[in-house]
Amino acid sequence: MLVATVFAIVKLDHLMSAVMLMGFFSLLSSGIFMTLDAVDVAFTEAAVGAGASTIFILAALAIVGRTSKKKRPEKTFAPLIIVTCIGAILVYATLDMPYFGAPDAPVHTHVAPRYLLESGEEVGPPNIVTSVLASYRGYDTFGEAGVVFTAFIGVLLLLGAGTRKSGIERSAPPNVNVESMRQTVVLREVADLLIAPVLIFSLYVQWHGDFGPGGGFQAGVIFASAIILYALIYGIVPAQKVLPPRKLAYFPAIGLLLYAIVGVIAMLKGGNFLDYGALMADPHDGQHYGILAIELGIGITVAAVMINIFFSLSERSL
Amino acid sequence: MLTGLFNYWIVIILMMAGLYIVMSSGHLVKKIIGLNIFQTSVFIFFISMGNVAGGTAPILKDGFNVFSNPLPHVLILTAIVVGVATTALGLAISVRVYEAYGTVEEDEITAKDRDNRHRETSVSTVTQGAATEDVQEIQS
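Keep in mind it's a predicted model, so treat the numbers as computed, not measured. (Residues numbered from 1 in each chain as written. Chains lettered and ligands numbered in written order. Predicted model: local features only at pLDDT ≥ 70, side-chain atom pairs only at ≥ 80, totals over all residues. Heavy atoms only, no water.)

Peer 1: Lay out the overall build of chain A with the relevant residues and their values.
Peer 2: If you tally the helices and strands in chain A, you get 13 helices and zero strands. When the elements of chain A are put in sequence order from the N terminus, they spell out α-α-α-α-α-α-α-α-α-α-α-α-α. Burial analysis of chain A (318 residues in total) assigns 48% to the buried set. (Helix = DSSP H or I, 4+ residues; strand = E, 2+ residues; numbered from the N terminus. Buried < 20%, exposed > 50% of the residue type's maximum accessible area, 1.4 Å probe, protein only.)

Peer 1: Describe in detail the overall build of chain B, supporting the description with residues and values.
Peer 2: In terms of regular secondary structure, chain B is built from four helices and zero strands. Helices (α) and strands (β) of chain B occur, in sequence order from the N terminus, as α-α-α-α. Total accessible area on chain B is roughly 6500 Å²; 62% of this is exposed by carbon and sulfur atoms. (Areas by Shrake-Rupley, 256 points an atom, 1.4 Å probe, with all protein chains shown as cover.)

Peer 1: Quick one: what's the story with the pattern of salt bridges, residue by residue and with numbers?
Peer 2: Residue and element names in this part refer to chain B. Following the criterion strictly, the structure yields two salt bridges over all chains and no others. A salt bridge links Arg96 to Glu99, with the shortest nitrogen-to-oxygen separation between them at 3.5 Å. Here Arg96 pairs with Glu99, and both are found in helix H3 (residues 70-101), just three residues apart, close to one helical turn. (Salt bridge = Lys/Arg side-chain N within 4 Å of Asp/Glu carboxyl O.)

Peer 1: An account of the interface of chain B and chain A is needed here, citing residue identities and associated values.
Peer 2: Taken residue by residue, the interface counts 76 residues in chain B and 95 residues in chain A. Connecting chain B to chain A are zero salt bridges. Broken down by secondary-structure element, the contributors of at least two residues to the side of chain B that touches chain A are helix H1 (2-24), helix H2 (28-50), H3 and helix H4 (106-139) of chain B. In terms of residues, the side of chain B that touches chain A owes the most to one element, H3(B), which gives 24 residues. Across the side of chain B that touches chain A, the residue classes break down as 49 nonpolar, 20 polar and seven charged. (Contact = heavy atoms within 4.5 Å. Nonpolar A, V, L, I, M, F, W, Y, C, P; charged D, E, K, R; others polar.)

Peer 1: Could you give me a rundown of helix H12 (residues 251-268) of chain A, with the residues and numbers involved?
Peer 2: Residues and elements named next belong to chain A. With 18 residues, H12 should reach 26 Å at 1.5 Å per residue; the first-to-last C-alpha distance of 25 Å fits that figure. For H12, the complete set of buried residues consists of Pro252, Gly255, Leu256, Tyr259, Ala260, Val262, Gly263 and Ala266. Viewed end-on, H12 has its buried residues packed into an arc of 140°, placing them on one side of the element. Of the exposed residues in H12, those oriented more than 90 degrees away from the buried face are Leu257 and Leu268. Two residues or fewer after H12 comes Gly270, characterised by a positive phi angle close to 105°. (Expected span 1.5 Å × (residues − 1). Arc of directions from axis to C-beta.)

Peer 1: Now, about the packing of helix H7 (residues 138-159) of chain A against H3(B): what can you tell me, with residues and values included?
Peer 2: Remark: H7(A) packs on H3(B), axes separated minimally by 9 Å, with the N-to-C direction vectors making an angle of 15°. In terms of axis orientation, H7(A) runs roughly parallel to H3(B). Along this stretch, H7(A) crosses H3(B), giving a crossing that reads as left-handed. In this structure, H7(A) contributes A:Asp140, A:Thr141, A:Glu144, A:Val147, A:Val148, A:Ala151, A:Gly154, A:Val155, A:Leu158 and A:Leu159 to the contact, and H3(B) contributes B:Leu75, B:Thr78, B:Val81, B:Val82, B:Ala85, B:Thr86, B:Ala88, B:Leu89, B:Ala92, B:Ile93, B:Val95 and B:Arg96. Grouping the amino acids of the contact of H7(A) with H3(B) by side-chain chemistry returns 15 nonpolar, four polar and three charged. (Axes fitted to C-alpha atoms, helices over the stretch in contact; angles between N-to-C directions. Parallel < 35°, antiparallel > 145°, perpendicular 65-115°, else oblique. Left-handed = near helix turned anticlockwise from the far one by under 90°.)

Peer 1: With reference to specific residues and values, describe the side chain of A:Thr44.
Peer 2: Residue and element names in this part refer to chain A. Take Thr44: it is sitting in helix H3 (residues 39-64). When its relative accessible area of 1% is taken as the criterion, Thr44 is described as buried. Separated by 2.7 Å, the side chain of Thr44 and the backbone oxygen of Asp40 make a polar contact. (Polar contact = N/O pair within 3.5 Å; in protein donor to acceptor, adjacent residues only side chain to side chain.)

Peer 1: Summarise a nonpolar patch on the surface; cite the residues concerned and give the values.
Peer 2: Residue and element names in this part refer to chain A. There is a patch of nonpolar side chains on the surface, built from Val186, Val190 and Leu194 and spanning about 260 Å² of accessible area. Examined against the element boundaries, Leu194 turns out to sit in helix H8 (residues 185-207). For Leu194, a relative accessible area of 40% gives the class partly exposed. (Patch = residues over 30% accessible without salt bridge, like charges linked within 9 Å, V, L, I, M, F, W, Y side chains within 5 Å.)

Everything listed here is a matter of geometry and, on its own, says nothing about what the molecule does.
As structure tokens, then:
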């Protein structure tokens with residue numbers, strides 16, 4: 001099914017449908033992650049792939065036009081040969097790989113046993129993914145948050161902060177009149193019903209990430225998707241009244257700083273950077289509050305980045 | 001063997017489809033869609049590697065002993081969010097390209113670039129010629 005969807009995307013010149021299939025593809029793959037026991041990943045993919053990235057691409061398409069030209073035959077032939085060759089090489093390479101689900105594969109014998117066996121003692125949260133993400137690989141995650149922040153700065157520089165003054169004024173393309181969605185009763189009622197629970201759910205995901213699947217990344221995207229839904233139904237302007245883009249632009253930095261400050265406090269208290277055990281007298285409490293704080297930082301950064309990017313992209317299309 | 005490696009082969013098919021889109025399509029946004037497919041296939045590859053037969057989601061609870069490997073999950077979780085941020089950056093760039101060129105089709109952009117370069121080189125030879133004349137005048 002996944003393969004069929006992808007081939008449909010390859011064929012389609014009509015980009016609107018390609019993007020819709022892209023969202024469907026993301027949803028399918030999140031189902032696959034679910035069956036492969038990666039609940040956190042499935043969660044993220046469903047929120048990000050099927051939600052945020054589809055909307056971003058749609059917003060960009062509203063600006064650049066929605067059909068791609070027919071390909072010239074010589075542009076399809078050469079890539080096909082290259083792709084087949086690379087694919088064949090890769091398939092040959094898989095013959096050496098450990099079989100799917102094999103418990104003695106090299107992946108499972110390096111650091112994973114320590115994470116699985118000792119994270120309950122050393123870090124605390126029952127959700128091992130959270131302990132690895134926030135504690136064992138805290139540097140990594142800090143870097144990732146930094147990348148998200150940097151990408152946000154890039155979008156901001158390229159497109160402006162989503163304020164009406166920045167950028168070129170442009171008449172809305174036909175059929176993409178976002179404002180008109182307000183008139184559709186069903187959409188409006190459903191959105192009214194959904195937005196508040198989605199916001200609350202994002203907070204639950206944020207604070208409950210230690211125990212179940214969830215955490216800052218997912219919560220941030222879910223929070224942002226509630227705001228984006230509001231902006232889609234009621235128009236950008238009311239949404240920007242609630243969250244003025246100029247002020248919102250500070251929040252990614254605040255989130256990242258919160259993360260860094262937790263690390264620095266741990267250093268001042270005599271531990272290493274991001275060594276939460278040093279935060280409090282009891283290392284377990286320290287780990288717990290440290291993880292909560294940095295997850296909050298991640299959540300703020302991600303949510304603010306997503307909303308800001310959406311504002312920037314959609315302001316351009318108005 | 002068929003069941004053991006089936007996941008990886010599906011991943012390879014998806015990956016190659018994404019690569020094919022990137023190479024064959026001239027439309028910048030469609031290229032980004034292709035990159036996204038490529039990316040997602042890599043995610044599926046990592047998660048497949050992390051799976052352990054008979055395991056469960058890596059959340060500690062009494063009564064469960066076999067878990068999937070949490071490390072790929074962490075890597076992919078952050079990669080997804082970083083992926084959407086970089087996708088947005090790519091889209092922002094293509095929007096700017098559209099504003100500068102009026103198109104996001106690769107060949108049209110190259111054609112316009114070539115036109116511009118012709119015009120620029122012809123202009124610059126004129127100014128260079130003028131400059132050398134100036135130098136000659138000063139020397140004389």
